[in-house]
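Fold and geometry: a report
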Amino acid sequence: MKILFAASEAYPLVKTGGLGDVIYSLPRALQKEGAEVRVILPAYRLVLEQMSQLHIAGWLQVQGAGRMHDVRILETSDRHLGVPLLLVDAPALFDRPGNPYLHPDGYNWHDNAERFTVFSRAVARLSGNADLLEWKPDVVHCHDWQTGLVPALVSLEAEPPASIYTIHNLSYAGVFSHEEFERLDLPREWWSTHLMEFFGNFSMLKAGIIFADHITTVSPTYAEEIQTPGFGYGFDGVLRAMKHKLTGILNGIDQEVWNPATDSYLPYHYSLKHHYMAGKRKNKEALLRQSGLEPSEQDLDTPLAGFIGRLVEQKGIDLLLDALPALMDKHDLRLVVLGSGEHHFENALRELAALYPERVLVTLGYSEELAHRIEAASDLFVMPSRFEPCGLNQLYSLRYGTPPVVHAVGGLADTVVDATPENIEAGRATGFVFDHPSPEALTGALERALELYRQPNTWRRLVRTAMSQDFGWTHSARQYMELYERVSAVRA
Ligand code: ADP
């Protein structure tokens with residue numbers, strides 16, 4: 001089974017969120033199941049800078065917005081991803097500073113529609129004939145809006161492979177104007193409410209939904225939620241109509257990259273078998289020192305709650321900001337935050353850190369290393385997301401013995417078991433779950449957590465159960481393999 005993974009980011013080369021993690025870890029897991037996987041990314045400047053062994057597989061002429069691009073297809077034998085990597089090199093579009101979607105000043109690149117249309121056209125050409133690469137996938141597996149046009153574009157090729165489209169986050173829909181649609185010279189008949197038109201604009205995500213042979217999303221609960229108006233971002237109707245080809249498959253985590261027994265970012269290693277409580281305490285001490293504190297034993301007894309993520313409304317950071325002052329005044333609690341995003345949230349966090357020096361520790365920015373250290377050092381992980389397609393941080397938290405406090409949505413509902421007395425008794429509890437996205441409900445869940453934290457035996461049991469969960473990729477990779485077999489058999 002030959003699979004081409006088309007995406008806009010892949011850890012460790014270029015990552016802005018969970019998508020990057022998945023494009024690194026899922027292909028490896030599929031390879032273990034016997035698939036032959038290649039990943040294709042845009043040749044961003046940042047990616048090219050990390051490559052040492054590139055060769056040109058060929059050239060394509062690709063239509064952009066009112067102009068043609070001479071595109072080089074690059075192959076690399078660098079093993080950053082553990083599977084072969086292809087790059088679509090269109091310098092006018094991708095040889096830039098900044099992140100894949102944003103100018104360094106934080107606004108969307110003005111030509112994102114053209115950038116990802118050219119990328120998608122190149123992917124479709126390579127998928128639909130074997131001339132250039134002497135390799136043709138049985139399935140092209142596309143991810144998020146940036147590759148939403150691929151299933152439509154491959155349908156124009158002579159020998160289209162089957163296509164799978166995975167929605168990692170429905171709220172990023174690749175919506176552009178009619179004028180943009182025309183400039184891209186896409187087939188006119190695609191401008192239709194049954195196809196790509198979306199409330200007067202067009203949406204690349206909708207193109208993926210309509211044209212793919214099968215759609216997946218990254219947790220079973222999110223697959224249900226997105227068919228409702230509350231979570232559907234305007235796509236709930238079309239997703240209900242397409243539900244015969246929609247499946248929720250839970251994301252896994254890479255258990256080598258995220259392993260507290262071997263994690264090279266951690267000052268102290270620990271595992272279920274070896275000193276997990278003591279190991280976490282030592283990591284806590286190291287993190288507090290790194291933050292400029294001289295922690296006493298009492299400081300180390302104080303529960304430390306962690307938050308890592310994009311600072312956007314989705315992640316419920318405003319709920320945490322609202323809940324925090326009263327919590328801090330009432331309880332002995334410390335918070336460590338790592339994130340970047342909307343300026344007003346960054347400012348509010350700065351103010352909170354100034355109000356509670358030594359108790360609210362905030363790092364604004366992006367740091368893979370600090371993310372690992374926070375997971376290991378924290379006693380609790382706070383993830384009050386308003387919606388969460390899957391969420392990876394709660395899975396990393398479980399593995400690092402850091403019970404997550406989560407809102408019961410999407411993948412959070414599918415992966416965290418609330419510490420009710422019955423669940424604790426049955427040895428099932430792994431965290432704290434609340435039902436309404438409100439500061440009060442979050443406060444309630446955090447207060448339950450703080451109370452249990454003061455019961456060392458019960459807390460240890462919770463930590464043990466959390467660390468015993470297996471959210472590796474094996475099970476989900478097998479579900480994808482079955483899906484690939486099914487869709488490619490229909491094509492054949
Ligand atoms: P999303 O994809 O919606 O951002 P996920 O929980 O699925 O959320 O994945 C987020 C990933 O990005 C995790 O690997 C997390 O550790 C990482 N991450 C988010 N923000 C930061 C940051 N500021 N620094 C380091 N890693 C971050």
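Just so it is clear, the model here is predicted, and its values are computed rather than measured.

Considering the site of the ligand
Looking at the ligand, there are 19 residues lining it, with Gly18, Asp21, Arg310, Lys315 and Gly365 nearest. Within the contact set of the ligand, an oxygen atom lies 2.8 Å away from a side-chain nitrogen or oxygen of Arg310. Take Asn393: an N or O atom from its side chain is 3.2 Å from an oxygen atom of the ligand. The set of elements that each furnish at least two residues to the shell around the ligand consists of α1 (18–32), β13 (304–311), β14 (334–341) and α16 (393–399). A per-element tally of the shell around the ligand places β13 first, with 3 residues. For the shell around the ligand, a count of residues per class yields 7 nonpolar, 8 polar and 4 charged. Counting only domains with at least three residues in the shell around the ligand, you end up with domain 1 (2–252 + 474–491) and domain 2 (276–467).

A word on the packing of helix α11 (residues 276–290) against helix α15 (residues 368–377)
For the pair α11 and α15, interaxial distance at closest approach is 8 Å and the crossing angle is 130°. Taken together, the axes of α11 and α15 lie oblique to each other. Along this stretch, α11 crosses α15, giving a crossing that reads as left-handed. Between α11, through Lys280, Asn283, Lys284, Leu287 and Gln290, and α15, the contact on the second element is made entirely by Leu370, Arg373, Ile374, Glu375, Ala376 and Ala377. Tallied by class, the residues present in the contact of α11 with α15 amount to 5 nonpolar, 2 polar and 4 charged.

Concerning unusual backbone geometry
Between Tyr11 and Pro12 the backbone carries a cis peptide bond, its omega angle lying at 0°. For Pro12, the position within the fold is in the loop between β1 (2–6) and α1. Even without glycine at this site, Asp144 takes up a positive phi of about 65°. Topologically, Asp144 is positioned in the loop between β6 (139–143) and α5 (150–154). On the accessibility criterion, Asp144 (10% relative accessible area) is buried. You will see that Tyr233, though not glycine, has its phi angle at about 50°, which is positive. Inspection of the secondary structure puts Tyr233 in the loop between α9 (229–232) and α10 (236–241). For Tyr233, a relative accessible area of 43% gives the class partly exposed.

A closer look at the sheet that holds strand β9 (residues 197–198)
Spatial ordering of the open sheet is given by β8-β10-β9, a layout of 3 strands whose pairing is antiparallel. Of all strands in the sheet, those with a lone pairing partner are β8 (175–176) and β9, marking the two edges. Note that β8 and strand β10 (residues 201–203) share 2 bridges and pair antiparallel. Directly across from Phe176, in β10, lies its bridge partner Phe202. With respect to the sheet, helix α7 (residues 204–211) is in contact with β8, β9 and β10, its orientation differing from that of β10 by roughly 55°.

Some words on a negative patch on the surface
A contiguous patch of negative charge, built from Glu36, Asp138, Glu482 and Glu485, is present on the exposed surface. Examined against the element boundaries, Glu485 turns out to sit in helix α21 (residues 474–491).

Considering the sheet that holds strand β16 (residues 380–383)
Overall, parallel pairing links the 6 strands, which are arranged β15-β14-β13-β16-β17-β18 in an open sheet. Because the sheet does not close on itself, it has two edges, and the strands there are β15 (360–364) and β18 (432–434). Each adjacent strand pair in this sheet contributes to an overall mean axis angle of 20°, direction not counted. Across 3 bridges, β16 lies against strand β17 (residues 404–407) in parallel orientation. Bridge assignment links Val382 to a residue of β17, and that residue is Val405. In the packing of α15 onto the sheet, the strands contacted are β13, β14, β15 and β16, and the crossing angle to β13 comes to about 150°.

Let's talk about the packing of aromatic side chains
Under the definition given, this model contains 18 aromatic pairs. An aromatic cluster of three or more residues is present, and its members are Tyr44, Phe94, Tyr101, Phe116, Trp145, Phe176, Phe181, Trp191 and Phe202. Note that Arg96 overlies the ring of Trp109, its terminal NZ or CZ placed 4.6 Å from the centroid.

Thoughts on α15
Within α15, 9 of the 10 residues are buried, leaving the element largely enclosed by the surrounding structure. Elements that come into contact with the buried residues of α15 comprise α11, β13, β14, β15, β16 and α16.

Looking at the pattern of salt bridges
Per the counting criterion, the structure on display carries 22 salt bridges. For Arg240, the salt bridge goes to Asp236, with nearest N and O atoms at 3.2 Å. You can see Arg240 and its partner Asp236 sitting in helix α10, 4 residues apart, about one turn around the helix. A salt bridge links Glu447 to Lys330; the nearest nitrogen and oxygen atoms lie 3.0 Å apart. Taken as a pair, Glu447 in helix α19 (residues 439–453) and Lys330 in helix α13 (residues 317–330) lie far apart in primary sequence, 117 residues in all. The partly exposed category is assigned to Glu447, whose relative accessible area is 23%. Among the charged side chains, a salt-bridge network with shared partners connects Lys15, Asp21 and Glu368.

Calculation criteria
For every chain, the first residue of the written sequence is number 1, and numbering continues from 1 along that sequence. At least 70 in pLDDT is required for a residue's local features to be given in this predicted model, at least 80 for side-chain atom pairs to be given and counted, and no such filter applies to totals for whole chains, interfaces and linings, which use all residues. Hydrogens are left out, water is left out, and the side-chain values use all remaining heavy atoms of the structure. Residues are classed as near a molecule or strand on a simple rule: at least one heavy atom within 4 Å of it. Two N or O atoms form a polar contact when they lie within 3.5 Å of each other; inside protein one atom must be a possible hydrogen donor and the other a possible acceptor, and for residues adjacent in sequence the pair counts only when both atoms belong to side chains. Helix and strand labels come from DSSP, where a helix needs a run of H or I of at least four residues and a strand needs a run of E of at least two; each type is numbered from the N terminus. Note that Gly is not counted as nonpolar here; it falls among the polar residues with everything else outside the nonpolar set of Ala, Val, Leu, Ile, Met, Phe, Trp, Tyr, Cys and Pro and the charged set of Asp, Glu, Lys and Arg. Domain delimitation follows an automatic or database domain assignment. Axes here refer to lines fitted to C-alpha atoms; in helices the fit is confined to the stretch in contact. Angles between the N-to-C directions go from 0 to 180 degrees. Orientation labels follow simple angle bins: below 35 degrees gives roughly parallel, above 145 gives roughly antiparallel, 65 to 115 gives roughly perpendicular, and whatever is left gives oblique. By the definition used in this description, the sense in which the near helix is turned from the far one sets the handedness, with an anticlockwise turn below a right angle giving left-handed and a clockwise turn giving right-handed. In this analysis, two residues are considered to be in contact whenever any of their non-hydrogen atoms come within 4.5 Å of each other. The cut-offs for exposure are 20% and 50% of the maximum accessible area for each residue type, with area from a 1.4 Å probe on protein chains only; residues under the lower value are buried, those over the upper are exposed, and the others partly exposed. By this definition, two strands are paired if DSSP reports at least two bridges between them. Patch members must show over 30% relative accessible area and no salt bridge, and they are joined within 9 Å when carrying like charges or within 5 Å when they are nonpolar side chains of Val, Leu, Ile, Met, Phe, Trp or Tyr. Computed with a 1.4 Å probe, the accessible areas rest on the Shrake-Rupley method; for each residue, only the protein chains presented here act as cover. Every case where a carboxyl oxygen of Asp or Glu lies within 4 Å of a side-chain nitrogen of Lys or Arg is listed as a salt bridge. Charge counting follows a simple rule: Lys and Arg are positive, Asp and Glu are negative, and His as well as the terminal groups are ignored. Charge coordinates come from a single atom per side chain, which is NZ of Lys, CZ of Arg, CG of Asp or CD of Glu. Think of it this way: a Phe, Tyr or Trp ring, Trp meaning its six-membered ring, pairs with another when their centres are within 6.5 Å, and the plane angle makes it stacked under 30 degrees, edge-to-face over 60, tilted otherwise. Note on criteria: charge over ring means Lys NZ or Arg CZ within 6 Å of the ring centre, with the direction from the centre no more than 35 degrees off the ring normal.

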